[in-house]
Amino acid sequence: ISFLLMGGQDYFRGAMSPEEYVVDAKSRVPAGNATTAILFVNEMPHMPQTEMLGAALPQMLETLVTWQKAGSGNPPEAELHAVLSILERTGQWSGRLLYTESAGVWRELPFGPRPSMRMQHSAAVGGA
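Residues numbered from 1 in each chain as written. Predicted model: local features only at pLDDT ≥ 70, side-chain atom pairs only at ≥ 80, totals over all residues. Heavy atoms only, no water.

A.B. asks: Hey, could you go over the packing of helix α2 (residues 50-70) against helix α3 (residues 77-90) for me, with residue numbers and the actual values?
C.D. replies: Direction vectors running N to C along α2 and α3 enclose 175°, while the axes themselves pass 9 Å from each other. Between α2 and α3, the crossing angle belongs to the class labelled roughly antiparallel. Taken together, the residues of α3 that come into contact with α2 (itself represented by M52, A55, A56, Q59, M60, E62, T63 and T66) are E79, L80, A82, V83, I86 and L87. Partitioning the contact of α2 with α3 into residue classes produces 9 nonpolar, 3 polar and 2 charged. (Axes fitted to C-alpha atoms, helices over the stretch in contact; angles between N-to-C directions. Helix = DSSP H or I, 4+ residues; strand = E, 2+ residues; numbered from the N terminus. Parallel < 35°, antiparallel > 145°, perpendicular 65-115°, else oblique. Contact = heavy atoms within 4.5 Å. Nonpolar A, V, L, I, M, F, W, Y, C, P; charged D, E, K, R; others polar.)

A.B. asks: Can you tell me about the pairing of strand β4 (residues 105-111), naming the residues and giving the values?
C.D. replies: Along β4, 5 of the 7 residues are buried, which leaves the element largely enclosed by surrounding structure. Looking at chain direction, strand β3 (residues 95-102) and β4 are connected through 7 bridges and run antiparallel. By the bridge assignment for β4, L97 is matched with L109. Linking β3 back to β4 in an antiparallel pair, the connection comprises 2 residues, with G104 at a positive phi of about 75°. (Buried < 20%, exposed > 50% of the residue type's maximum accessible area, 1.4 Å probe, protein only. Pairing = 2+ DSSP bridges.)

A.B. asks: How would you explain the nonpolar core if you had to name every residue and give the values?
C.D. replies: Ranked by internal contacts, the top residues of the largest apolar core, which has 18 residues, are F3, L39 and L97. Going through the elements one at a time, β2 (36-41), α2, α3, β3 and β4 are the ones with two or more residues in this core. What L39 contacts, discounting residues up to four positions off in sequence, is F3, L4, L5, M6, M60, V83, L84, L87, R96, L97 and F111. (Core = buried A, V, L, I, M, F, W, Y, C linked by side-chain atoms within 4.5 Å.)

A.B. asks: I'd love a proper account of the pairing of β2, names of residues and values included.
C.D. replies: Among the 6 residues of β2, 6 are classified as buried, and the element is accordingly described as predominantly covered. The side-chain alternation of β2 yields two buried faces, one formed by T36, I38 and F40 and the other by A37, L39 and V41. Pairing between strand β1 (residues 2-7) and β2: 6 bridges, direction parallel. Counterpart to G7 in the pairing with β2 is V41. Considered for its hand, the β-α-β crossover made up of β1, helix α1 (residues 18-27) and β2 is right-handed. In this sheet, β3 lies alongside β2 in antiparallel orientation, the contact comprising 5 bridges. Counted as the bridge partner of I38 is L98 from β3. (Right-handed = clockwise from strand over helix to strand, strands pointing away.)

A.B. asks: Which residues make up the pattern of salt bridges, and what values go with them?
C.D. replies: Between side chains of opposite charge, pairing is possible as soon as their charged atoms come close. Under the criterion given, the structure shown has 4 salt bridges. In this structure, R96 engages E19 in a salt bridge whose closest nitrogen and oxygen atoms are separated by 2.8 Å. Taken together, the positions of R96 in strand β3 and E19 in helix α1 put the pair 77 residues apart, joining distant regions of the chain. Judged by relative accessible area, which is 34%, E19 ranks as partly exposed. With a shortest N-O distance of 3.2 Å, R96 and E108 are connected by a salt bridge. Of this pair, R96 sits in strand β3 while E108 sits in strand β4, and the two are 12 residues apart along the sequence. R96 gets classed as buried once you look at its relative accessible area, which sits at 3%. Using a relative accessible area of 5% as the deciding quantity, one classes E108 as buried. Salt bridges linked by common partners bring E19, R96 and E108 together as one network. (Salt bridge = Lys/Arg side-chain N within 4 Å of Asp/Glu carboxyl O.)

Take a look at the structure:
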């Protein structure tokens, strides 16, 4: 089970656009994986801001524990949505939460005042 926290302003992104950066991260998830989430925060640099991490991390950890109990292919949707609710309440953060619903199938949820994309379901070949 993996829950990645990625920043839109991260220098690891290099010359990639934010979209390319997320696509690249997804492509590195094995196609058969059904226990991965990516929280992409547009305003986050390489190191998360204390306020954002303090608000989101406890719920992210709860999400991981719940997902471990539920097993592969059973994403803890209530806990994932709770992470977004915490970030949206501040009005400071925007981005998207992506997670595997089942092997190779990603769900994407935008959040914040400037959602980066509409919610999407995408069957992904090779995790991309």
